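# Residue-level structure breakdown
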Amino acid sequence: YNSIGMLQLKQGAYGLALNSFLEALRRDPSNPTVLQNIAVVYDQHLGQSREAMRYYRYALAARQRIKDSTHQAEMRTRLAQLVRLMRPSSSRSSL
């Protein structure tokens, strides 16, 4: 299902890709690649930052459990960016 999701993603079928990735996750709940793919769909294609953050965290934890450093730096950087974007700016909070 992960491979199907990747094909759907390349075709721009983001909802279908997400469904495929979620099915892949159901079959292999600790797969860090699938978790990261879900995060990317939410982040870059569906604009759902909170869900993206959640799945980036899951993906990082899954990679750490198996001692796989692949893409960890990129995910940490993107997660930090999303956290900053989700915070209200100081100018807004003073209004």
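Everything quoted here is computed from the prediction, not taken from an experiment.

It is worth spelling out helix 1 (residues 2-10) at this point. Restricting attention to buried positions, one finds in helix 1 the residues Gly5, Gln8 and Leu9. Here the buried residues of helix 1 occupy an arc of 100° about the axis, which is enough to place them on one side. Turned more than 90 degrees away from the buried face of helix 1, the exposed residues are Ser3, Leu7 and Lys10. On its buried side, helix 1 packs onto helix 2 (14-27) and helix 3 (32-45). At the exit of helix 1 stands Gly12, carrying a positive phi of roughly 85°.

Turning to the packing of aromatic side chains, a few remarks are in order. Enumeration over the complete set of coordinates arrives at two aromatic pairs. Their ring planes at 25° and their centres at 5.8 Å tell us that Tyr42 and Tyr55 sit as a pair that is stacked. With Tyr42 in helix 3 and Tyr55 in helix 4 (residues 49-65), this pair connects stretches of sequence that are 13 residues apart. Residue classification places Tyr42 among the buried positions, given a relative accessible area of 9%.

Calculation rules
- Residues numbered from 1 in each chain as written.
- Predicted model: local features only at pLDDT ≥ 70, side-chain atom pairs only at ≥ 80, totals over all residues.
- Heavy atoms only, no water.
- Buried < 20%, exposed > 50% of the residue type's maximum accessible area, 1.4 Å probe, protein only.
- Helix = DSSP H or I, 4+ residues; strand = E, 2+ residues; numbered from the N terminus.
- Arc of directions from axis to C-beta.
- Contact = heavy atoms within 4.5 Å.
- Phe/Tyr/Trp six-rings, centres within 6.5 Å; stacked < 30°, edge-to-face > 60°.

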